Protein chains: 4
Amino acid sequence: MTSDDLFTPIFVPQAVRDAASGRAWLQALLDAERALAVAEARKGAIPAAAAERIAACCEAERFDPAVIAEDGRRVGNPAEPLVRALRAAAGDEAGRYVHFGATSQDIVDTAAVLVSRRVLELVLADLDGVAAACAALAERHAATPMVARTLLQQALPTTFGLKAAGWLVAVVDARRRLAEVRDRLPAQLGGAAGTLASLGERGPETVRLFAAELGLREPDVPWHTARTPLAELAGALDLAAGTLGKVALDVALLAQTEVGEVAEGDEGRGGSSTLPHKRNPLGATLTIACARQVHGHASVLAGALVQEHERAAGAWHSEWLALTGALELTGGAARWARETLESLEVDPARMRANLDATGGLIMAEAVAFVLADRIRLPEAQRLVGAACRRAVESGRPLRDELAADPAVAAELSAAEIDAALDPTRYAGSAAAFVERALARFRGDSA
Amino acid sequence: MTSDDLFTPIFVPQAVRDAASGRAWLQALLDAERALAVAEARKGAIPAAAAERIAACCEAERFDPAVIAEDGRRVGNPAEPLVRALRAAAGDEAGRYVHFGATSQDIVDTAAVLVSRRVLELVLADLDGVAAACAALAERHAATPMVARTLLQQALPTTFGLKAAGWLVAVVDARRRLAEVRDRLPAQLGGAAGTLASLGERGPETVRLFAAELGLREPDVPWHTARTPLAELAGALDLAAGTLGKVALDVALLAQTEVGEVAEGDEGRGGSSTLPHKRNPLGATLTIACARQVHGHASVLAGALVQEHERAAGAWHSEWLALTGALELTGGAARWARETLESLEVDPARMRANLDATGGLIMAEAVAFVLADRIRLPEAQRLVGAACRRAVESGRPLRDELAADPAVAAELSAAEIDAALDPTRYAGSAAAFVERALARFRGDSA
Amino acid sequence: MTSDDLFTPIFVPQAVRDAASGRAWLQALLDAERALAVAEARKGAIPAAAAERIAACCEAERFDPAVIAEDGRRVGNPAEPLVRALRAAAGDEAGRYVHFGATSQDIVDTAAVLVSRRVLELVLADLDGVAAACAALAERHAATPMVARTLLQQALPTTFGLKAAGWLVAVVDARRRLAEVRDRLPAQLGGAAGTLASLGERGPETVRLFAAELGLREPDVPWHTARTPLAELAGALDLAAGTLGKVALDVALLAQTEVGEVAEGDEGRGGSSTLPHKRNPLGATLTIACARQVHGHASVLAGALVQEHERAAGAWHSEWLALTGALELTGGAARWARETLESLEVDPARMRANLDATGGLIMAEAVAFVLADRIRLPEAQRLVGAACRRAVESGRPLRDELAADPAVAAELSAAEIDAALDPTRYAGSAAAFVERALARFRGDSA
Amino acid sequence: MTSDDLFTPIFVPQAVRDAASGRAWLQALLDAERALAVAEARKGAIPAAAAERIAACCEAERFDPAVIAEDGRRVGNPAEPLVRALRAAAGDEAGRYVHFGATSQDIVDTAAVLVSRRVLELVLADLDGVAAACAALAERHAATPMVARTLLQQALPTTFGLKAAGWLVAVVDARRRLAEVRDRLPAQLGGAAGTLASLGERGPETVRLFAAELGLREPDVPWHTARTPLAELAGALDLAAGTLGKVALDVALLAQTEVGEVAEGDEGRGGSSTLPHKRNPLGATLTIACARQVHGHASVLAGALVQEHERAAGAWHSEWLALTGALELTGGAARWARETLESLEVDPARMRANLDATGGLIMAEAVAFVLADRIRLPEAQRLVGAACRRAVESGRPLRDELAADPAVAAELSAAEIDAALDPTRYAGSAAAFVERALARFRGDSA
């Protein structure tokens, strides 16, 4: 990926790109070095004055990412050249205490965790926005009838509120998991062998102070090749992006010209100059695209669990771009999904029209149940099934075919048939489920 | 996969295969139907006598999996033909109340959760065994020196106890996550549209009773196309299998002929008739093979998060074999890793010999630190570096090259050099980290 | 996966399951042993009588897959126990020549190739059926107008023939690639170290005879850890299944209740007892489900390219179930796609109705081009754009809004406007492209 | 991925980054627009003067990638804003003919193919270098004995030449496939609906001229949602990177301190300041890291085969970064593998020492075969097996244990035993296989 990348800005908002940029990584590496010096000085492992001097130098603006990156090519990671540059910046006296007792992976892993936390703040904020938008839709449309679709076929009535409630619970769950994982992200400090040998007895306490300085969890033991934190993060990002992908797919399907039940609201977006009638579901489209890419990156990260000995020969290195990509594109999915839902135009009239499109056939089950209050269920189902078949063949509404059947008419009046065919009376527990989803959302947000 | 599969038994223990078998799935489908009838009778939605009759018929032995499977081909899932068979078994009176208000996916998803829980009991027990074996190794070898290896190169001393402690924490974390996910697996009940329309007002309460009957979590709303539970399960299985894969890879690397620090203990296993000297790391090998396959299945499951509307056209169906495979093969990884570790033969003498193989070069950092107590660190590093280079060229021990350098000899006596080169004195925080890992294990097991 | 698997029969036709079954693998292993004995006897490496006796014993019915599989658990592959069983079957004299000079992987890899070829015959036959069905649709509907949809929005007119032609070319390409890969599948014979050491000078010639006996390609060198053949096969299966998944997704989308342009034809299939109006796109659904699973298996296989030394510790073992699954489920996708397309009911009237649904808006581009013959293109586009906006707001047909604009009416008569709005006149190169696709199909089939 | 990316330069050489950069993509988009104008002018669809003017403007330096990217965010692709910018640059008269009849995907897909071809030139050149390096190693070490290792255990003798020959054939195969796929990459031109409607009758001929102008294959039909070309490319990149990963894994394993048979040669690289004895296999490590990442990107691309109708809502968009990443990182793998192999230091003495490390045990099979010339094979195997067990227990060389057994000594003299134990005499067909590999390489290179 390069500096003049034409594609990332399409998917990823500027703030997320900034938080995952090379410069942000550079600052995170420096934050780790700074915290290390501070913690070591506090434990007496290095002089306090050296730590102060080092800390003062730990600002990304002092260093050139391009130089660090090119030098990193010779050793296989960016920490080693940065340490050299930082030593030079800190001067002879303090410089030799830079990175004391640490290994490059301590710094790169800790920076990975810091970058992750910083990007996750943005992602979680957008997920909050997505959840709030889902909740608003669920509440507003708790009683808006629409058709439920299974295998892409009209099935039975539901409400748009229940659909949005389903999105809401999934988003709340994904958000909870992502926050959980974030809160467990540990600092990394083990030295070259994971023993912190050059810190002598001071090792564990230095780790504690180091983690505290950065506001990170203190690990039980170094996790140089036990990649649980990153694999869990990858899984949580995949879950979040996939969940948003589901919401986006529903939006794109509902926005189809032939369905027309929703549209993305921002008119300046997704329009086509040559095709003026189109209202492209652009936000949904890009959300889905982000989710697909996150899935690929997450697979690389989970696949990197199997690492050799105390430092892996390749699997570790494979994480950096995959993690950056997974973070960025989950951020992209969250922002696009949020924009999509916050601007979503819902067309209850079209929902109602689609509900009626089969001439009542989707109410067949409901009619059979009503009829079964009078006659046995199998017979009721047989009569309704026959009426359905006649309706399909004749093209007449199911209502007329039912009324025309003496065996049905003997049990149900015309008004009763109409009532049985009313989709708005057949939403079952939809309202109750919406309430539960909203309660869950409010509980989680509280 | 077929009835006479030559491969699955190599990877997966019999008990796990049984718990994930077609018959086990069949019973789980029937358990779901039984619980549905019981819950509905309790809410008055169907007659109690019918529920009793249905419950009595819900035994897998009454049905032929092959017939259900073949019939399932016509409708795309096994629940529909099973419902028909169960209705026939229950007789006219009770049969019409079978599956009342439910949709096939309610039953298949609930069965998936039941099968998962049952397999997970076995997997978690084997993970407990793995953790206990790691803990035993960590404790027994807390002070057994060995060399740490980074990028597959000897780096610095560590202890085998710390290596095992690293495994232990990772396994404990993976086990915790898997148990967490298991505890959150929800029942599924929503009816064809997710509204439980045919249950009228009784929907939410029926869901509660249904879940309680099966000992499963009650979902907030139906999750027909919000696949968080399965995606989280997939992630947790991938994490567990990948973590075991890391342990296994270390074992296989340590068991290399040229390294020889461990061997798998079961002599009747992994031997080669034509190659009598080989002690194949068979358990490690098969653990790794399982982990790779779990990763593929987990990717299918996480990729299935993006589902259409109220029932997906394909993504749902793609879950069944992937879930079964992921469960089975995680079970395979856990059993093989357990057998590997429980029988692991550790060779501390070989560890020590390997530690000495570089003639002290891996102690260069340690010597430089000792020397840096007398002279400035950069000069100390320069002197030691030069001695290392001479040692590499001459093939003589670093000890001799250091002693032969007047600048070094001026600061360190021969005894001090020997002490500085003693790898057993350079394990840093290894013992403390082992203690922390054991404390974590005991805390989690308590 | 187990003997009473409820799910595989839903996806995979019986013949494919048989060709990939444990028994089929067993026979393939025996075919490899038989060919080895025959080739070695021909080269004088073993006695001819022994080879005859061995060959006579190489019948799967003589062996119990369950026993082989259970014994395989102790050594990590099924070849070793089979060799022991085959030796016993062949008797003392001939038995000692069984598997002479070979390693287990020679037999397992050669069997994998044989099983693959046998399954591929079935898959290719079904792909031929899919291609023929696409060609028939392309030809029959070369002039059937329908709307093209981009980002799920109606865009411009096309023909159903062109859509089917697009499917056709993709299927023909995927089929070609799969056949190519099949033809390159090599035999495997290298002995334990890949040197065929125990065959002395006879190695290369024995390999040649062995491959010839089985009708397989002779490899340049043993490929025990150079998995190009399987990785290429995995890629070709993924390509084929993914291509079928695209066709199936189009079918499922066209079959939506609100679109209704196609339906799967087999009425006995995909119907719902409780939802009589539904025509579930079952074949399309299961095709998609197969494609998703193949993708997971193929990823395991391609991920297994990175293998250690002369025999991998895990990556090799991870291939067996993944390969079997990828073969079976590509077979499933091909059969389901074929059934779907061969029975596809196409509704040209509904296609035409959908084409008219936007009141001419999808013809805006076409009108602008016609108008641009009289006035400058930007001005033409501006006028048409304004008319479109008025049409969207008023709900009136674009025709009326255009005619009502004096600037348009000054250039185009009502008849000219009608002609410009006729979607059947705006299919561009659709017919030519259909011809090219059919020519390609006929060329490839010839 | 961002402009100051710290990681990509570690993996990817500058030339590859340049060829896949945003600027390179921008130029490729412009190349497509230029070729379109030229082709259309040639067919008379637009004025020749306009085409000339457009062509003159199609230089990347005229446009700002950052602006194009940000504007692309509003429409979901970079082609649309570029077309607007190009129209402005070309001026009123010519500008209106920019992009005539094309759709954004025509331009983006064609640019993807152009970028791919340009990167592939570099990748193929490095693959040539890798193959040449393998061939040189195979030739030079055709008779260098080393031990073959299976499941990471010493198995039998082989030669380093045969190991390199195995790499060679795999690299040659992967290169061939990548070149094949490159040669089949088609141009894309279909217009918004794939019908090229606005080109009237001129469609197919314009496509032909367009493809010819760019030196690309002319497609049978537009492939907007038939992604065979990209899926095949993804598979070929995955195959190439995975093949290089296998070579790199072997190098890293052979370079282990305890094995020491090879070392990466560039001393300025991979060294550790604090660990002077280490010779990190850096090139191998980064090759493996690249391969793992390519696998993730390739999975996204193959997963994107399933696209909707005439333009996908997300799957298409997911390709851009994945393709760029797959190209770059395959380029990274090829360059790192080449540097690794070209500088590889091989230590035949260490290979020989490792071959002798088991005291002759790896020659057990060979001795048994020699003995079997005198007595029956089972008895020979029994005697040798017993001697092996005694050797393992006593620690004495197998030679001594064999000589000490009267039953063996009765058949074989001490000199015969020594000869039978000589690993250099047990390389079987290794030399012949090396010859075949070299012949294949020379044939493919010719």
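For the rest of this paragraph, the subject is the relation of the copies chain B and chain C. For the pair chain B and chain C, the best superposition has an RMSD of 0.0 Å and corresponds to a rotation of 180 degrees with a translation of 0.0 Å parallel to the axis. Between the two chains, the operation in question is that of a two-fold axis. A shared binding surface is used by both copies, with 100% of the interface residues of chain B retained as interface residues in chain C.

We now examine the interface of chain C and chain D. Taken together, the 84 residues of chain C in the interface contact 83 residues of chain D. Scanning the region where chain C abuts chain D turns up eleven salt bridges. For E310(D), the salt bridge identified is with K163(C), shortest N-O distance 3.2 Å. The interface formed by chain C and chain D holds 30 residue pairs in polar contact (both at pLDDT 80 or more) in total. Considering each element in turn, the side of chain C that touches chain D owes the most residues, 13 residues, to helix α10 (residues 228-254) of chain C. Counted by class, the side of chain C that touches chain D contains 40 nonpolar, 21 polar and 23 charged residues.

All right, on to the pairing of strand β2 (residues 153-159) of chain B then. Residue and element names in this part refer to chain B. Most of β2 sits inside the fold, with seven of its seven residues counted as buried. Sheet topology places strand β1 (residues 145-150) next to β2; six bridges connect them, and they run antiparallel. By the bridge assignment for β2, V147 is matched with P157. As consecutive antiparallel partners, β1 and β2 are separated by two residues, and within that stretch L151 has a phi angle of approximately 50 degrees, a positive value.

Time to look at the interface of chain B and chain C. In many reports, interface size means the accessible area that the parts give up when they come together. Counting residues at the interface gives 65 residues for chain B, matched by 65 residues for chain C. Summing both sides of the interface, chain B and chain C together bury roughly 5400 Å²; the carbon and sulfur share of this comes to 65%. Put simply, chain B and chain C have two salt bridges between them. A salt bridge links R17(B) to E70(C); its shortest N-O distance comes to 3.1 Å. Where chain B touches chain C, the interface holds twelve residue pairs in polar contact (both at pLDDT 80 or more). A total of eleven residues in the side of chain B that touches chain C trace back to one element, the largest contributor, which is helix α11 (residues 282-303) of chain B. Residues that form the side of chain B that touches chain C fall into these classes: 31 nonpolar, 22 polar and twelve charged.

In screw terms, the move from chain C to chain D is a rotation of 180 degrees and a rise of 0.0 Å along the axis, fitting with an RMSD of 0.0 Å. The residues that chain C uses at the interface reappear at the interface of chain D in 99% of cases, marking a shared surface.

A separate point is the packing of aromatic side chains. For the coordinates displayed, the defined rule picks out 24 aromatic pairs over all chains. Between F7(A) and W25(D), the ring centres sit 4.7 Å apart and the planes meet at 90 degrees, which makes this aromatic pair edge-to-face. In this pair, F7(A) sits in the segment before α1 (8-11) while W25(D) sits in helix α3 (residues 22-42), so the two residues belong to two different chains. Classification of F7(A) as buried rests on a relative accessible area of 2%. Between F369(A) and F100(B) the ring centres are 5.5 Å apart and the planes differ by 85 degrees, which places this aromatic pair in the edge-to-face class. Here F369(A), found in helix α14 (residues 364-371), pairs with F100(B), found in the loop between α6 (79-95) and α7 (104-140), and the two come from separate chains. In this structure an aromatic cluster arises from ring pairing among F7(A), F11(A), W25(D), W316(D) and W320(D).

Let's shift gears to helix α12 (residues 319-342) of chain D. Note that an α-helix has 3.6 residues per turn; residues three or four places apart therefore point the same way. If you check α12(D), its first and last C-alpha atoms are 34 Å apart, about what 24 residues at 1.5 Å a residue would give, namely 34 Å. Of all 24 residues in α12(D), 20 are buried, a share of seventy percent or more.

Quick notes on the rules
- Sequence positions are assigned chain by chain, starting from 1 and proceeding in written order.
- Chain A is the first chain written and ligand 1 is the first ligand written, with later ones labelled in order.
- For this predicted model, a pLDDT threshold of at least 70 governs which residues receive local features, and a threshold of 80 or more governs which side-chain atom pairs are given and counted, while totals over whole chains, interfaces and linings are taken from all residues.
- Note that the side-chain values use all heavy atoms of the structure and ignore hydrogens as well as water.
- Superposition of the copies was done by least squares, using only C-alpha atoms of residues whose pLDDT is at least 70 in both.
- Residues are treated as being in contact if the distance between any of their heavy atoms lies within 4.5 Å.
- Every case where a carboxyl oxygen of Asp or Glu lies within 4 Å of a side-chain nitrogen of Lys or Arg is listed as a salt bridge.
- Polar contact is defined as a pair of N or O atoms within 3.5 Å, subject to the rule that within protein one atom must be able to donate a hydrogen and the other to accept it, and that residues adjacent in sequence are counted only when both atoms are side-chain atoms.
- Secondary structure elements follow DSSP: runs of H or I no shorter than four residues count as helices, runs of E no shorter than two count as strands, and numbering proceeds from the N terminus.
- Residue polarity follows a fixed list, in which Ala, Val, Leu, Ile, Met, Phe, Trp, Tyr, Cys and Pro are nonpolar, Asp, Glu, Lys and Arg are charged, and the others, Gly among them, are polar.
- Burial classes follow relative accessibility: with a 1.4 Å probe on protein chains only, a residue under 20% of its type's maximum area counts as buried, one over 50% as exposed, and anything between as partly exposed.
- Note on pairing: two strands pair once DSSP finds at least 2 bridges between them.
- Accessible surface is computed with a 1.4 Å probe, and the buried area is the amount of it that two parts give up when combined, taken over both parts together.
- The pairing test for Phe, Tyr and Trp rings, Trp by its six-membered ring, is centres within 6.5 Å, and the orientation test on the planes gives stacked under 30 degrees, edge-to-face over 60, and tilted for anything in between.
- The span one expects for a helix is its residue count, reduced by one, times 1.5 Å.

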